[in-house]
Amino acid sequence: MMLVSPSIDLALAALFGMLVGSFLNVVIHRLPRMLERQWASECAELGGQPAPGSDKFNLMWPRSRCPHCGHQISWHENIPVLSYLLLRARCASCGAKISARYPLVELVCGALFFFSVWKWGASPAALAWSGFGAALLVLALIDWDTTILPDDITLPLLWAGLLASALHLTNTPLPSAFWGAVGGYLSLWTIYWGFKLLTGKEGMGYGDFKLFAALGAWFGWQALIPMILMASVIGAIVGISMKFAGALRDGGYVPFGPFLAGAGITAMVFGPHRILRLLGL
């Protein structure tokens, strides 16, 4: 399917992806804080206390501001990638440095949308896979920052995988997607409890189970082993490297979600079974 011409479709996909990436930066920053406020409010309610932080705070409000000086970001300061370059990575008001993560997220999201339209054309399948890639990008960065994989994203991603299979937007038959979701969840759940019974420690969180279940829904049960192998190998390499560099956070742990998300994006781009060849297996 083609909307205008292949080159224009790809350019529009990349542009739209960068715009979505700009919004993803907001989600990555605000969603964990929204969840913290929700949990604090629920705890206060159970304790018969007034809810803290009653001011309005969501993905749309308040408008984005510089965390250093409170300068409200204008529309022309929020153009994906371009504004970062024109501002020379500095706040227009106080000159504080702007993290390179913001344009990188926009560029990666644009690349994911570009790839989806390049592979599946301007079609519902491309839209579905673009959303899949964007969700994994958000989950990877939120988990890296906070060790939280929000149900607000993992569960819709799981159901979206099953729906995409039912609508033939993926190459995964619905029975394979169903058992992929079941197998993804139960496999990590079993490892979690085995590790906890042996050591008394928690090796991962329930969000990892749900994310792996979502990957199983998108790629089928056959893809579970290649993806978990890739995530485990890369996670171990990064964890060991960070340990030697003294970069491990308190507790000496590395969140597993970013590596599961990376395996999912790799499976999207190359196909799940090519992961084994990438690992030399």
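Refer to the preceding data block for the structure.
What you are looking at is a predicted structure, and each value in this text was computed from that prediction instead of being measured.

Definitions and limits used
- Residue numbers restart at each chain and count upward from 1, following the sequence in its written direction.
- The predicted nature of this model means local features are confined to residues of pLDDT at least 70 and side-chain atom pairs, given and counted, to a pLDDT of 80 or more, with totals for whole chains, interfaces and linings taken over all residues.
- To obtain the side-chain values, all non-hydrogen atoms of the structure were used and water was disregarded.
- Only DSSP runs of H or I covering at least 4 residues are called helices, and only runs of E covering at least 2 are called strands; the numbering of each starts at the N terminus.
- Two things to know: the radius of gyration comes from C-alpha atoms, and the globule rule equals 2.2 Å times the number of residues to the power 0.38.
- Exposure categories follow from relative accessible area, calculated using a 1.4 Å probe and restricted to protein chains: below 20% of the type maximum is buried, above 50% is exposed, and the middle band is partly exposed.
- Note on definitions: a residue-residue contact is assigned when non-hydrogen atoms from the two residues lie within 4.5 Å.
- Shrake-Rupley sampling with a 1.4 Å probe provides the accessible areas, and residues are treated as covered by the protein chains on show and by no other component.
- By the counting rule applied here, Lys and Arg register as positive and Asp and Glu as negative, while His and the ends of each chain are not counted.
- To locate a charge, take NZ of a lysine, CZ of an arginine, CG of an aspartate or CD of a glutamate.
- Residues belong to a common nonpolar core when they are buried Ala, Val, Leu, Ile, Met, Phe, Trp, Tyr or Cys residues joined through side-chain atoms within 4.5 Å.
- Stacked, tilted and edge-to-face are the three classes applied to pairs of Phe, Tyr and Trp rings, where Trp contributes its six-membered ring and a pair requires centres within 6.5 Å; stacked means planes under 30 degrees apart, edge-to-face means over 60, and tilted covers the rest.
- Salt-bridge detection follows one rule: a side-chain nitrogen of Lys or Arg within 4 Å of a carboxyl oxygen of Asp or Glu.
- The span you would expect from a helix comes to 1.5 Å times its residue count less one.

A few points about the overall build of the chain
Here is step 1: Regarding its fold elements, the chain presents 10 helices and zero strands.
Here is step 2: N-terminal to C-terminal, the α/β element order of the chain is α-α-α-α-α-α-α-α-α-α.
Here is step 3: Relative to a compact globule of 281 residues, whose C-alpha radius of gyration would be 19 Å, the chain shows 20 Å and is just as compact.
Here is step 4: Based on the C-alpha atoms only, the size of the chain along its principal axes is roughly 60 × 50 × 45 Å.
Here is step 5: In the chain, which comprises 281 residues, the share counted as buried stands at 42%.
Here is step 6: By sequence separation, contacts in the chain at least 24 residues apart represent 68% of the contacts at least 6 residues apart.
Here is step 7: Accessible surface, the chain: about 15,500 Å² in total, of which carbon and sulfur atoms supply 68%.
Here is step 8: One way to put it: in the chain the 18 positive side-chain charges average out to a point 8 Å from where the 14 negative ones average out.

Notes on the nonpolar core
Note on soluble globular proteins: their nonpolar side chains tend to be buried together.
Here is step 1: The biggest cluster of nonpolar side chains holds 59 residues, and the ones touching the most others in it are Phe132, Leu157, Phe219, Met227 and Leu260.
Here is step 2: Within the residue set of this core, elements represented by two or more residues are α1 (6-46), α3 (101-120), α4 (124-146), α5 (151-166), α6 (174-199), α7 (206-219), α8 (224-245) and α9 (257-270).
Here is step 3: Counting residues per element, this core draws most heavily on α4, which supplies 12 residues.
Here is step 4: Residue contacts for Leu260: discarding those within four places in its chain leaves Leu188, Asp208, Leu211, Phe212, Leu215, Ile228 and Ala231.

Here we look at the packing of aromatic side chains
Here is step 1: In the structure shown here, the tally under the stated rule is 15 aromatic pairs.
Here is step 2: Aromatic side chains Phe132 and Trp218 sit 4.8 Å apart centroid to centroid with 45° between the ring planes, which places their arrangement in the tilted category. On the criterion of sequence distance, the pair formed by Phe132 in helix α4 and Trp218 in helix α7 is long-range, its members being 86 residues apart.
Here is step 3: Residue Trp218 is classed as buried on the basis of its relative accessible area of 3%.
Here is step 4: Aromatic side chains Tyr185 and Phe209 sit 5.5 Å apart centroid to centroid with 85° between the ring planes, which places their arrangement in the edge-to-face category. Linking Tyr185 in helix α6 with Phe209 in helix α7, this pair joins segments that are 24 residues apart in sequence.
Here is step 5: Take Phe209: its relative accessible area is 0%, and that puts it in the buried class.
Here is step 6: Here the aromatic cluster, defined as three or more aromatic residues joined through ring pairs, consists of Phe115, Trp118, Trp120, Trp129, Phe132, Trp218 and Phe219.

Let's talk about the pattern of salt bridges
Here is step 1: Taken as a whole and assessed by the stated rule, the structure comprises three salt bridges.
Here is step 2: A salt bridge links Asp145 to Arg101; the nearest nitrogen and oxygen atoms lie 2.7 Å apart. With Asp145 in helix α4 and Arg101 in helix α3, this pair connects stretches of sequence that are 44 residues apart.
Here is step 3: Asp145 sits in the partly exposed class, given a relative accessible area of 39%.
Here is step 4: Taking relative accessible area as the criterion, Arg101 reaches 27% and is therefore assigned partly exposed.

As for α4
Here is step 1: For α4, which comprises 23 residues, the first-to-last C-alpha distance of 33 Å matches the rise-based estimate of 33 Å (1.5 Å per residue) to within 8%.
Here is step 2: Burial within α4 is extensive, with 17 of its 23 residues counted as buried.
Here is step 3: Thr147 sits one or two residues past α4 and shows a positive phi near 60°.

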